[in-house]
Amino acid sequence: MTAVPLPMEPATAAVRAESATESSQLGIYKRAPMRFVRGEGVELIDADGNRYLDFVSGIGVNALGYADRGIEDALVVALNTGLIHVSNLYRTDPGEALAAELVRLSFAAKVFFCNSGAEANEGAFKIARKWARNSGRPAKTGIVALRGGFHGRLFASLAATDRPSYRAPFRPLAGGISICERDLAELSAVLDPETVAAVIVEPVQGEGGVRVLDPEFLKALRALTAEREVLLVFDEIQCGLGRTGNLFAYEGVKVIPDMVTLAKPLAGGLPMAAVLMSEEVGASMKPGEHGTTFGGGPLVASVARHVLGRVSSPEFLAAVRANGDIIGNALSSFAVRSQRVRAVRGVGMMWGIDVVEPANDVVRRGWDRGLLTLTAGDHTIRLLPPLVMTPAELKRGLGILTEVIGE
Ligand SMILES: *Cc1c(COP(=O)(O)O)cnc(C)c1O
């Protein structure tokens, strides 16, 4: 694929107008002042030529970093077929092969493709309700989510998302969806076999502050949901596909869920999501009961096959785990030294650092030093570096980060 030349004159009138707060895009993001024009490896380059080491990965999307040759080759090969889209009325080789590969690598027997994380979770909710309906219990429709969880911004996924500021302006949200404490006694009281179809859980809560749920809690929740005939859905949209050092987070906690949702890194930055499900759950859905125009098209599926091939290799996952040890060791010793850090949490290449000051202030000081980080709540810095980052690059970024947080 030919490289796109850098724009000769970065600050066109349109560029200046937008960065000076005027933009024709809906004002739902407080965007950073930088304007990125190029990506190389694990760095982004802005219109002024400044380089930024990326500990954000487009919010966990760019697991293979920027300008990955394999992604470019997969795109070129796919484009050479002339097929970007044919609709789900027809099969294509890339879609069939990707689904088969996900089944081979996971607990699942069936896969549903769609286009975003929220859409995958809403698909999982519908599939859970259909599965429950087939059990002959007409009131078995409830979906239970956990305190601190994030599952998306659409009406049903928002109803499962525990962030008052995201929810309040949009009430009423979708009904039949409730939030429960991360507590087995409370869950045991709520999970009524007659009225609850599914529980949705992020094994590592991302937006909610990078909380690694206790494997013993997840195992007990698996036992409880099985006993109550309630489906267990793992939202691995952020923590899946290699991020924790296992291909799937459920492998690390030794829990087999009934459904898993995937999205962010799946297609190397192209919009794509998937719902993986067991044979029994999949058997409850019939033609015409769910659908999406774009889901699993040949172009996105071709790129996803490349990404899946990379992130599922044992060597790749071993490198993620080794990187996780580097991050964990560096942050733990820093947390002991620094008065400005309250706690650090994480697994693999997904970490949260609770800081005393507003987390956004730390993120902004990072920009001045050429480092991109993100937040997860008001006082938590979140790190989601590309999984391909080398130990040397990681250590460089962690060095800058500890300086901008300070002792
Ligand atoms: C990002 C995210 C979502 C929502 O994905 P979108 O593609 O933005 O709809 C859902 N769940 C988790 C855990 C996420 O991190």
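Each value, and the rule that gives it
- Position labels on residues start from 1 in each chain and follow its written sequence.
- Predicted model: local features are reported for residues with pLDDT of at least 70 only, side-chain atom pairs are reported and counted for 80 or more only, and whole-chain, interface and lining totals are derived from all residues.
- The side-chain figures draw on all heavy atoms in the structure; neither hydrogens nor water molecules are used.
- A pair of strands counts as paired when DSSP detects no fewer than two bridges linking them.
- Only DSSP runs of H or I covering at least 4 residues are called helices, and only runs of E covering at least 2 are called strands; the numbering of each starts at the N terminus.
- For helices, the fitted axis covers only the stretch in contact; all axes are lines through C-alpha atoms, and the angles between them, taken along N-to-C directions, range from 0 to 180 degrees.
- Here's how the labels work: a residue is buried when its accessible area is under 20% of the maximum for its type, exposed when over 50%, partly exposed in between, all with a 1.4 Å probe on protein chains only.
- Within 3.5 Å is the distance limit for a polar contact, defined as a pair of N or O atoms, with the added protein rule that one can donate a hydrogen and the other accept it, and that residues adjacent in sequence qualify only through two side-chain atoms.
- Should any heavy atoms of two residues lie within 4.5 Å, those residues are counted as being in contact.
- Any residue with a non-hydrogen atom lying within 4 Å of a molecule or strand is treated as near it.
- Accessible areas in this description were obtained via Shrake-Rupley with a 1.4 Å probe; residue shielding takes into account the shown protein chains only.
- Like-charged residues within 9 Å of one another, or nonpolar side chains (Val, Leu, Ile, Met, Phe, Trp, Tyr) within 5 Å, are grouped into patches, provided each residue has over 30% relative accessible area and no salt bridge.
- Salt-bridge detection follows one rule: a side-chain nitrogen of Lys or Arg within 4 Å of a carboxyl oxygen of Asp or Glu.
- Throughout, the term roughly parallel applies to angles under 35 degrees, roughly antiparallel to angles over 145, roughly perpendicular to angles from 65 to 115, and oblique to all others.
- Take the far helix as your reference; a near helix turned counterclockwise from it by less than a right angle gives a left-handed crossing, and one turned clockwise gives a right-handed crossing.
- For this classification, the nonpolar set comprises Ala, Val, Leu, Ile, Met, Phe, Trp, Tyr, Cys and Pro, the charged set comprises Asp, Glu, Lys and Arg, and every other residue, Gly included, is treated as polar.
- Residues belong to one nonpolar core when they are buried, are Ala, Val, Leu, Ile, Met, Phe, Trp, Tyr or Cys, and are joined through side-chain atoms within 4.5 Å.
- Reported domain spans reflect what an automatic or database domain assignment gives.
- Buried area: the sum, over both parts, of the accessible surface (1.4 Å probe) that disappears when the two are put together.

Draft legend 1. Up close: the sheet that holds strand β1 (residues 36-40). One open sheet accounts for 4 strands, arranged β1-β2-β3-β15; its pairing is mixed. In this open sheet, the two edge strands, each paired with only one partner strand, are β1 and β15 (371-372). Pairing geometry for strand β2 (residues 43-46) and strand β3 (residues 51-54), over 3 bridges, is antiparallel. The residue of β3 that forms the bridge with I45 is R51.

Draft legend 2. Just the sheet that holds strand β4 (residues 110-114), in detail. A sheet is described by the order of its strands in space; here 7 strands give the open sequence β4-β12-β11-β10-β7-β5-β6, paired in mixed fashion. At either margin of the open sheet sits one strand with a lone partner, and together these are β4 and β6 (177-180). Across the sheet, the axes of successive neighbouring strands diverge by a mean angle of 20°, strand direction being ignored.

Draft legend 3. Broad picture of the side chain of D258. Among the structural elements, D258 can be located in the loop between α10 (249-253) and β11 (259-262). The class of D258 is buried, set by a relative accessible area of 14%. Within the structure, the side chain of D258 is placed 2.8 Å from the backbone nitrogen of L232, a separation counted as a polar contact. Among residues more than four places away in sequence, those in contact with D258 are F107, R222, V230, L231, L232, L276, M277, S278 and V281.

Draft legend 4. How the structure looks around the site of the ligand. The immediate surroundings of the ligand are formed by S116, G117, A118, N121, F150, H151, G152, E202, D235, I237, Q238 and K264. In the model, an oxygen atom of the ligand is placed 2.7 Å from a nitrogen or oxygen of the G117 main chain. A distance of 2.8 Å separates an oxygen atom of the ligand from a polar backbone atom of A118. Considered on its own, the ligand offers 380 Å² of accessible surface; in the complex 81% of this is hidden by protein.

Draft legend 5. Molecular detail of a nonpolar patch on the surface. Side chains of L26, I28 and Y29 sit close together on the surface and give an oily, nonpolar patch of about 410 Å² of accessible area. Secondary-structure assignment places Y29 in the loop between α1 (13-19) and β1.

Draft legend 6. View of the packing of helix α3 (residues 69-80) against helix α12 (residues 298-311). Contact geometry for α3 and α12: axes closest at 9 Å, N-to-C directions at 150°. With respect to each other, α3 and α12 are oriented roughly antiparallel. Between α3 and α12 the crossing geometry is right-handed. Contact with α3, carried on its side by G70, I71, A74, L75, A78 and L79, involves L299, S302, V303, H306 and V307 of α12 and no other residues of that element. Partitioning the contact of α3 with α12 into residue classes produces 8 nonpolar, 3 polar and no charged.

Draft legend 7. Region of interest: the pattern of salt bridges. As enumerated under the stated definition, the model contains 22 salt bridges in all. One salt bridge in this structure joins D68 and R310, with 2.9 Å as the shortest N-O distance. Here the residue D68 occupies a position in the loop between α2 (57-60) and α3, and R310 occupies one in helix α12, the gap between them amounting to 242 residues. The closest approach of N and O atoms between E101 and R104, which form a salt bridge, is 2.8 Å. Linking E101 with R104, this pair stays in helix α4 (residues 93-105), spanning 3 residues, or about one helical turn. Residue E101 is classed as partly exposed on the basis of its relative accessible area of 26%.

Draft legend 8. Structural context of the nonpolar core. In this structure, L276 and L383 are the most contacted members of the largest nonpolar core, which totals 93 residues. The greatest single-element share of this core, amounting to 8 residues, is contributed by α12. Two domains each put at least three residues into this core: domain 1 (31-60 + 314-405) and domain 2 (70-311). Counting residues in hydrophobic clusters, the runner-up holds 31 residues, among them F125, A145, F150 and A159.

Draft legend 9. Fine view of the domain arrangement of the chain. The assigned domain composition of the chain is domain 1 (31-60 + 314-405) and domain 2 (70-311). The C-alpha-based centres of domain 1 and domain 2 are spaced at 27 Å. On the side of domain 2, 21 residues touch domain 1, which itself brings 23 residues to the contact. When domain 1 packs against domain 2, close to 1800 Å² is buried across both sides, 59% of that on carbon and sulfur atoms. At the boundary of domain 1 and domain 2, one finds 1 salt bridge. The shortest N-O distance in the salt bridge between E207 and R382 comes to 3.1 Å. At the surface where domain 1 touches domain 2, the tally comes to 7 residue pairs in polar contact (both at pLDDT 80 or more). When residues of the side of domain 1 that touches domain 2 are traced back to their parent elements, those giving at least two are α2, α13 (314-337), β13 (341-347), β14 (350-355) and β17 (380-383).

Draft legend 10. Just the side chain of D354, in detail. Residue position: D354 is located in strand β14. In this structure D354 comes out as buried when scored by relative accessible area, which is 16%. For D354, the side chain forms a polar contact with the side chain of T380, separated by 2.8 Å. Among all residues touching D354, those that are not within four sequence positions of it are R340, V341, R342, A343, R345, H379 and T380.

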